[in-house]
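Observations on chain architecture
Here is what each chain is made of, one letter per residue.
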Amino acid sequence: MSIQNLNVFDPFADAIKGADDDVQDGLVHIRIQQRNGRKTLTTVQGLSSEYDLKKIVRACKKEFACNGTVVEHPEYGEVLQLQGDQRENICQWLTKCGLAKSDQLKVHGF
C-alpha cells in the first residue's frame, strides 16, 4: 500500500513564473502606499531581473526630483520605492525608455 499524497507537489509552481520574465503575471505593478499624514510612497514591482534596478532608481531620482531606493521584499523580490505620488511619471518614463510597454503596466492606488 503506497500513500501518494505525501509526495511534494506544488500546484502553483507554473503560476509563479511569468511567460517571459521572472514576474508572476508578466505585469509591472505600480502602487502607492500611504505613510504618515500626506506622505506617500510609490512602489514599482515586476521589472525584469536582467535590468540593474539601482541604475533605474538613480535615473528616476534625477528625473522626478525625489528620493528612492531598492528594497528586498520576501514575496515580490526587489521592489523600487520612490517618495511621493510618482505613478503617472513612472508610467510615462518606463514606456519612454522602453523598459515596459503601456499594456504591461498596471497602476494601483486610490
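About the cut-offs
- Residues numbered from 1 in each chain as written.
- Predicted model: local features only at pLDDT ≥ 70, side-chain atom pairs only at ≥ 80, totals over all residues.
- Heavy atoms only, no water.
- Helix = DSSP H or I, 4+ residues; strand = E, 2+ residues; numbered from the N terminus.
- Buried < 20%, exposed > 50% of the residue type's maximum accessible area, 1.4 Å probe, protein only.
- Areas by Shrake-Rupley, 256 points an atom, 1.4 Å probe, with all protein chains shown as cover.
- Expected span 1.5 Å × (residues − 1).
- Arc of directions from axis to C-beta.
- Contact = heavy atoms within 4.5 Å.
- Axes fitted to C-alpha atoms, helices over the stretch in contact; angles between N-to-C directions.
- Parallel < 35°, antiparallel > 145°, perpendicular 65-115°, else oblique.
- Left-handed = near helix turned anticlockwise from the far one by under 90°.
- Nonpolar A, V, L, I, M, F, W, Y, C, P; charged D, E, K, R; others polar.
- Phe/Tyr/Trp six-rings, centres within 6.5 Å; stacked < 30°, edge-to-face > 60°.
- Lys NZ or Arg CZ within 6 Å of the ring centre and 35° of its normal.
- Pairing = 2+ DSSP bridges.

1. Regarding the overall build of the protein chain
- A tally of regular secondary structure across the protein chain gives three helices and five strands.
- Its helices and strands in sequence order give the protein chain the pattern α-β-β-α-β-β-α-β, from N to C terminus.
- Taken across its 110 residues, the protein chain has 33% of its residues classed as buried.
- Carbon together with sulfur atoms contributes 48% to the accessible area of the protein chain, which is approximately 7900 Å² in total.

2. What about helix α2 (residues 53-64)?
- A rise of 1.5 Å per residue sets the reference length of α2, with its 12 residues, at 16 Å; its end C-alpha atoms lie 16 Å apart and thus fit the reference within 8%.
- Those residues of α2 not exposed but buried are L53, I56, V57, C60 and F64. Buried residues of α2, viewed axially, fall in a sector of 100°; they line one side. Seen from the buried face of α2, the exposed residues on the opposite side, beyond 90 degrees, are K54, K55, R58 and K62.
- If you follow the buried residues of α2, they end up packed against β3 (68-73), β4 (77-83) and α3 (87-97).
- Phi for A65, located one or two positions after α2, is positive at around 55°.

3. With respect to the packing of α2 against α3
- Viewed as axis vectors pointing N to C, α2 and α3 meet at an angle of 120°, and their least axial separation amounts to 12 Å. Here α2 lies oblique to α3, going by the angle between them. Relative to α3, the crossing made by α2 is right-handed. Contacts from I56, A59, C60, E63 and F64 of α2 reach α3 at N89, I90, W93 and K96.
- Broken down by class, the residue content of the contact of α2 with α3 amounts to six nonpolar, one polar and two charged.

4. Let's talk about the packing of aromatic side chains
- The full count for this structure, using the stated rule, is zero aromatic pairs.
- Of note, R31 hangs over the ring of Y76, and the distance from its end group to the ring centre comes to 5.6 Å.

5. Thoughts on the sheet that holds β4
- Read from one edge of the open sheet, five strands run β3-β4-β2-β1-β5, paired in mixed fashion. At either margin of the open sheet sits one strand with a lone partner, and together these are β3 and β5 (105-107). Mean inter-strand twist for the sheet, computed between neighbouring axes without regard to direction, equals 25°.

6. Brief notes about α3
- Restricting attention to buried positions, one finds in α3 the residues R87, I90, C91, W93 and L94.
- Contact partners of the buried residues in α3: β1 (28-34), β2 (40-45), α2, β4 and β5.
- Of the residues flanking the end of α3, it is G98, one or two places downstream, whose phi is positive at about 85°.

Note that all results are geometric; they support no functional claim without further evidence.
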